[in-house]
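Structural features, examined
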Number of protein chains: 2
Amino acid sequence: MTAPIDFYFDFSSPYGYLASRKIEELAAKHGREVNWRPVLLGAIFKTTGGAPLTQIPLKGDYSKRDFARSARFHGVTEFSMPSVFPIASQAPARILLWAKAQDPALVSGIAHAFYRAYFVDDRDISNPDTAADDPAIKDSLKREVEAAVAAGVFGSPFVVVDGEPFWGIDRFAQVDRWLATGGF
Amino acid sequence: MTAPIDFYFDFSSPYGYLASRKIEELAAKHGREVNWRPVLLGAIFKTTGGAPLTQIPLKGDYSKRDFARSARFHGVTEFSMPSVFPIASQAPARILLWAKAQDPALVSGIAHAFYRAYFVDDRDISNPDTAADDPAIKDSLKREVEAAVAAGVFGSPFVVVDGEPFWGIDRFAQVDRWLATGGF
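Residues numbered from 1 in each chain as written. Chains lettered and ligands numbered in written order. Predicted model: local features only at pLDDT ≥ 70, side-chain atom pairs only at ≥ 80, totals over all residues. Heavy atoms only, no water.

Our next topic: the confidence of the model for chain A. Interpretation of this model should avoid reading the predicted coordinates in detail wherever pLDDT is low. Residues and elements named next belong to chain A. Taken as a whole, chain A shows an average pLDDT of 91; of its residues, 97% reach a score of 70 or greater. Of all the helices and strands in chain A, helix α7 (residues 135–150) carries the lowest mean pLDDT, 87, while helix α1 (residues 14–20) carries the highest, 96. Per the prediction output, this complex has pTM 0.90; the corresponding ipTM is 0.87. (pLDDT = per-residue confidence, 0-100. Helix = DSSP H or I, 4+ residues; strand = E, 2+ residues; numbered from the N terminus.)

This is the structure we're talking about:
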C-alpha cells in the first residue's frame, strides 16, 4: 500500500483551484489517494515575505492573464476570476478539516464544492453561514498551517510525493514522472 | 516572415540557463528565430520588490532542489550550481549586446558560452577580462532593461511570442501550443 499524495492548497488560490481539478486523476493514474490539506497563504507569507501574486507590480497583470490561459491549457473550461479577490479562507479551510475529522470520504466533494462556488459561480466563500467557530477546529487549522511550513510548503498548490516537494500546477508533469518512476 | 521570439534572460539565472538549452529547438520547430535579450533581475526586482529565489525562506531550499530536478526533467545533463551564486551579470550582458551590434549571428554562440562557463564549468563570469566598459554599451543595457520592464518582463526566462508573455521554462509547453495554434 503506497502513501497518499499530500495536496496542499489555499481556497483563495486560482492555481490551487486548477490543480484541484487535475490532482485526483493524476493520483489515480498511479494508484494513489489524495490527502487534501488546506493551508493559509497569508500565514505562510509571514514566513517567506511573500504577497498575493495579483498585488505585485508587473506580476499582477501577468498572473491574471496566466490564470485564464492556464485554465484553457489544462482543459479546465469552468473558470472565472471572482469579483472579490483574494479572500480570507479560514472558514472553508476549517470546515474542510471538520469534515475530514468526521469522515475522510467527505473531503473531496466539499473541497470541489467550495472551489466551484468561488471560481465558477463567483460566490464569496470567506464567511459561510455554517462558519466553523469550534475552538478545536480553529486550533486544528493553525496546527496544519504550522506543519505545512515545517514541511517546507510555501505556495498553493504544493504537492508532496513520498517526501519529494513539488510547487505549482506547472510541476504536475514532474509529479507524473516521479510517480511513474519512483524518482528521477 | 514571422516575428522572432523574444527570449529574455539573466546570465545568473539557473532557469534561464535551462531555458537557453531548449529555446532554439522550440523556436525552430515552428520556423521562428530567437531574439536573445539579456536583462538584469537585480534592476527589475527594484520594480517588483522581488529577491533572488535562493535567498527567500523555504523557497530557497526548494529552488536548489528544483533547479537540479528540472535539469534532469528537461534532459539537460550538464548542470551544476555554481560555487558563487548569484553573481552580477552586467559584464556578460553588455558583451552580448556589443556582439549583437557587431553581428547578430554571434549572439547565440556567445550566450551559450557564458552560460556554459557559469553553470557547467563553475567559472565566475561576472568580471571577464574583456569587460565591456564602453559607455554606449553600458547605456544600451540600461535601455534594454528599461524596455523589458516596460514590456512587463519580471523574471528569467521570459518569452514573448507575438505580444503574448510567458514566464518560466515551465510555460514552454504553453509557448509550444501558442506557436502551433496562433493562440489558444
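Another aspect to go through is unusual backbone geometry. With omega at -10°, the peptide bond leading from F85 of chain A into P86 of chain A counts as cis. As for its placement among the helices and strands, P86 of chain A is situated in the loop between α4 (59–73) and α5 (90–102). Residue P157 of chain B follows S156 of chain B across a cis peptide bond; omega there is 0°. Here P157 of chain B is to be found in the loop between α7 (135–150) and β3 (158–161).

Turning to the sheet that holds strand β1 (residues 5–9) of chain A, a few remarks are in order. All names here are of chain A. Read from one edge of the open sheet, four strands run β2-β1-β3-β4, paired in mixed fashion. Strands with a single pairing partner mark the edges of an open sheet, and in this sheet they are β2 (34–38) and β4 (164–167). Averaged over all adjacent pairs, the angle separating strand axes in this sheet is 20°, with direction ignored. Pairing of strand β3 (residues 158–161) with β4 involves four bridges; the strand directions are antiparallel. In the strand pairing of β4, V161 is matched with E164. Running over the sheet, α5 touches β1 and β2 and is turned about 140° from β2. (Pairing = 2+ DSSP bridges. Axes fitted to C-alpha atoms, helices over the stretch in contact; angles between N-to-C directions. Contact = heavy atoms within 4.5 Å.)

Moving on, we come to the side chain of E164 of chain B. Note on placement: E164 of chain B falls in strand β4 (residues 164–167). Reaching out from E164 of chain B, the side chain makes a polar contact with the side chain of R65 of chain A at a distance of 2.6 Å. (Polar contact = N/O pair within 3.5 Å; in protein donor to acceptor, adjacent residues only side chain to side chain.)

Turning our eyes to something else, we now look at the relation of the copies chain A and chain B. With an RMSD of 0.0 Å, the fit of chain A onto chain B corresponds to turning through 180° and sliding 0.0 Å along the axis. On the angle and the small slide along the axis, the relation comes out as a two-fold axis. By C-alpha distance to the rotation axis, the residue of chain A lying nearest is D170 of chain A, at 2.9 Å. By residue overlap, the copies meet face to face through one surface: 100% of the interface positions of chain A are interface positions in chain B. (Least-squares fit on C-alpha atoms with pLDDT ≥ 70 in both.)

Before going further, it helps to spend a moment on the interface of chain A and chain B. Taken together, the contact between chain A and chain B spans 31 residues of the former and 31 residues of the latter. It is L58, Y62 and F73 of chain A in chain A that bury the most area against chain B; as a group they hold 23% of the surface buried on that side. Connecting chain A to chain B are eight salt bridges. The residue E164 of chain A makes a salt bridge to R69 of chain B at a minimum N-O spacing of 2.7 Å. Scanning the region where chain A abuts chain B turns up 20 residue pairs in polar contact (both at pLDDT 80 or more). Elements supplying a minimum of two residues to the side of chain A that touches chain B: α3 (41–48), α4, β4 and α8 (172–181) of chain A. (Buried area = accessible area lost by both parts, 1.4 Å probe. Salt bridge = Lys/Arg side-chain N within 4 Å of Asp/Glu carboxyl O.)

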